[in-house]
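Chain by chain, the residues:
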Amino acid sequence: MLQGFYMLALQRARRQRRIALLFCAAALVSALFAARAYFAPEAVPAGALAEEPYVAQSEDGRLIVSRGGETVLRTAIDVRTLPAADREALADGIVLADAEALARLLEDYGS
């Protein structure tokens, strides 16, 4: 009778080890997928690579924005009211990577 309880205890211990191994394997697989997702390169929209940057510059004392050599926006912002460093940067042309950067620049210069 004692031998029967011993065999049941061994079976239970094996079952617990198997369950623990399964949980460890599942945790390892989850960690690998999480690391893969964390270190994956950031997705870039297909159209973003082909887009040319915006260029802000001064023309006739006003701020204009062009893209690909074509003027896309003429503002009423008088560049003569801006600090000298900003006027010099606009004379050379400020390259803006996207519409968000353009919006920030217009907000800074327009207020």
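Here the structure is a predicted model, which means the values were calculated and not measured.

Thresholds, definitions, all that
- Residues numbered from 1 in each chain as written.
- Predicted model: local features only at pLDDT ≥ 70, side-chain atom pairs only at ≥ 80, totals over all residues.
- Heavy atoms only, no water.
- Helix = DSSP H or I, 4+ residues; strand = E, 2+ residues; numbered from the N terminus.
- Rg over C-alpha atoms; globule rule 2.2 N^0.38 Å.
- Buried < 20%, exposed > 50% of the residue type's maximum accessible area, 1.4 Å probe, protein only.
- Contact = heavy atoms within 4.5 Å.
- Areas by Shrake-Rupley, 256 points an atom, 1.4 Å probe, with all protein chains shown as cover.
- Core = buried A, V, L, I, M, F, W, Y, C linked by side-chain atoms within 4.5 Å.
- Pairing = 2+ DSSP bridges.
- Axes fitted to C-alpha atoms, helices over the stretch in contact; angles between N-to-C directions.
- Salt bridge = Lys/Arg side-chain N within 4 Å of Asp/Glu carboxyl O.
- Phe/Tyr/Trp six-rings, centres within 6.5 Å; stacked < 30°, edge-to-face > 60°.
- Lys NZ or Arg CZ within 6 Å of the ring centre and 35° of its normal.

Peer 1: I'd like to hear about the overall build of the protein chain, residue by residue, with values.
Peer 2: From N to C terminus, the protein chain includes four helices and four strands. Secondary structure elements of the protein chain occur, N-terminal to C-terminal, as α-α-β-β-β-α-β-α. In terms of overall size, the protein chain is more extended than a compact globule, its C-alpha atoms giving a radius of gyration of 32 Å where 111 residues would be expected to give roughly 13 Å. Its C-alpha atoms put the protein chain at 105 × 30 × 20 Å along the principal axes. Expressed as a percentage of its 111 residues, the buried residues of the protein chain come to 16%. Across the protein chain, contacts joining residues at least 24 apart in sequence account for 38% of those joining residues at least 6 apart. A total of about 8,900 Å² of accessible surface is found on the protein chain, and carbon and sulfur atoms cover 60% of it.

Peer 1: I'd love a proper account of the nonpolar core, names of residues and values included.
Peer 2: Nonpolar side chains in soluble globular proteins generally cluster together in the buried interior. Of all hydrophobic cores here, the largest spans 14 residues; its most connected members are A56, L63, L90, I94, L96, L105 and Y109. Elements represented by at least two residues in this core include exactly β1 (54–59), β2 (62–67), β4 (94–96) and α4 (99–110). In contact with A56, not counting residues within four places along its chain, are L63, I64, V65, L90, G93, I94, L96 and L105.

Peer 1: Can you explain the sheet that holds β4? Please cite residues and give values.
Peer 2: Taken together, four strands build an open sheet; the order of strands is β3-β2-β1-β4 and the sheet is antiparallel. The two strands at the open ends of the sheet, each matched to only one other strand, are β3 (70–78) and β4. Averaged over all adjacent pairs, the angle separating strand axes in this sheet is 25°, with direction ignored. By the bridge criterion, three bridges tie β1 to β4 in an arrangement that is antiparallel. When the bridges of β4 are listed, Y54 appears paired with L96. Sitting on the sheet, helix α3 (residues 84–92) is in contact with β1, β2 and β4, with an inclination near 110° to β1.

Peer 1: Which residues make up the pattern of salt bridges, and what are the values?
Peer 2: Between side chains of opposite charge, a pair can form as their charged atoms come close. As enumerated under the stated definition, the model contains two salt bridges in all. A salt bridge links R74 to E59, with the shortest nitrogen-to-oxygen separation between them at 2.7 Å. Taken as a pair, R74 in strand β3 and E59 in strand β1 lie far apart in primary sequence, 15 residues in all. Taking relative accessible area as the criterion, R74 reaches 55% and is therefore assigned exposed.

Peer 1: So what about the packing of aromatic side chains? Which residues, and what values?
Peer 2: Under the criterion given, the structure shown has one aromatic pair. Seen from their ring centres, Y38 and F39 are 4.9 Å apart, and the 85° between their planes marks the pair as edge-to-face. Residues Y38 and F39 agree in their burial class; the two are exposed. The lysine or arginine in question, R67, covers the ring of Y54, its NZ or CZ lying 4.2 Å from the ring centre.

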